[in-house]
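Okay, here's what each chain looks like letter by letter:
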Amino acid sequence: MKTSRIVLFDLIFYFIGVLLLTTTSSQHIPIVILVLPFVIFFAAFTLSVMLIMKYLNNEKTFVFTRKRLLRAGLVASLPIISLVLTSIGQFSYFSFITLLILFAVASFYVNRAT
């Protein structure tokens, strides 16, 4: 897939996520719509990390591989989980340290599996 298309999809994901976060009120919408911006941001972060990995590896084409997708999803999950915890008022130093430990363990297993 062309890199310019991936960048366009990424920008569209970011735009839709910001639009949903700024135009919705949490008192009047169902829970599915409340979770949707976080899913969209996760997809956008994952695509962004995959693009960064492509440029760091000096690759000419953009290829979706299982290994790259797992690693990018793992890296993208840390800020998304932090954002979710912040939005519900449960983010603290202890939760951040716990997230880092879980991230380190998960990255070990992802690297072993791929």
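The structure contained in this document is the topic of the report that follows. The structure presented is a predicted model; accordingly, all values stated were derived computationally and were not measured.

**Points about the side chain of Ser-95**
- With respect to the helices, strands and loops of the structure, Ser-95 is situated in helix 4 (residues 93–113).
- Side-chain polar atoms of Ser-95 contact the backbone nitrogen of Ser-92, separated by 2.8 Å.
- Residues in contact with Ser-95, not counting those within four places in the same chain, are Leu-85 and Gln-90.

**Regarding a nonpolar patch on the surface**
- A cluster of nonpolar side chains, namely Leu-8, Phe-9, Ile-12, Phe-13, Phe-15, Ile-16 and Leu-19, defines an oily patch on the protein surface of about 620 Å² accessible area.
- If you trace the backbone, Leu-8 turns up in helix 1 (residues 3–23).

**What to know about helix 3 (residues 66–87)**
- Here helix 3 contains 22 residues, and its C-alpha end-to-end distance of 31 Å stays within 8% of the 32 Å for a straight helix at 1.5 Å per residue.
- Contacts from the buried residues of helix 3 go to helix 2 (31–56) and helix 4.
- Just downstream of helix 3 lies Gly-89, where phi reads positive at about 75 degrees.

**Focus: the nonpolar core**
- Formed by Ile-6, Leu-47, Val-49, Met-50, Leu-51, Met-53, Phe-62 and Ala-72, the largest nonpolar core amounts to 8 residues.
- Here Leu-47 is in contact with Ile-6, Phe-9, Asp-10, Phe-13 and Phe-64, once residues within four sequence places are set aside.

**Looking at the packing of helix 3 against helix 4**
- The geometry of helix 3 relative to helix 4 is characterised by a closest axis approach of 10 Å and an angle of 170 degrees between their N-to-C directions. Judged by the angle between their axes, helix 3 and helix 4 are roughly antiparallel. Across from Arg-66, Leu-70, Arg-71, Leu-74, Val-75, Leu-78, Ile-81, Ser-82 and Leu-85 in helix 3, the residues of helix 4 making contact are Ser-95, Leu-99, Leu-100, Phe-103, Ala-106, Ser-107, Val-110, Asn-111 and Ala-113.
- Residue composition of the contact of helix 3 with helix 4, by class: 12 nonpolar, 4 polar and 2 charged.

Reading guide: rules and limits
Residues numbered from 1 in each chain as written. Predicted model: local features only at pLDDT ≥ 70, side-chain atom pairs only at ≥ 80, totals over all residues. Heavy atoms only, no water. Helix = DSSP H or I, 4+ residues; strand = E, 2+ residues; numbered from the N terminus. Polar contact = N/O pair within 3.5 Å; in protein donor to acceptor, adjacent residues only side chain to side chain. Contact = heavy atoms within 4.5 Å. Patch = residues over 30% accessible without salt bridge, like charges linked within 9 Å, V, L, I, M, F, W, Y side chains within 5 Å. Areas by Shrake-Rupley, 256 points an atom, 1.4 Å probe, with all protein chains shown as cover. Salt bridge = Lys/Arg side-chain N within 4 Å of Asp/Glu carboxyl O. Expected span 1.5 Å × (residues − 1). Core = buried A, V, L, I, M, F, W, Y, C linked by side-chain atoms within 4.5 Å. Buried < 20%, exposed > 50% of the residue type's maximum accessible area, 1.4 Å probe, protein only. Axes fitted to C-alpha atoms, helices over the stretch in contact; angles between N-to-C directions. Parallel < 35°, antiparallel > 145°, perpendicular 65-115°, else oblique. Nonpolar A, V, L, I, M, F, W, Y, C, P; charged D, E, K, R; others polar.

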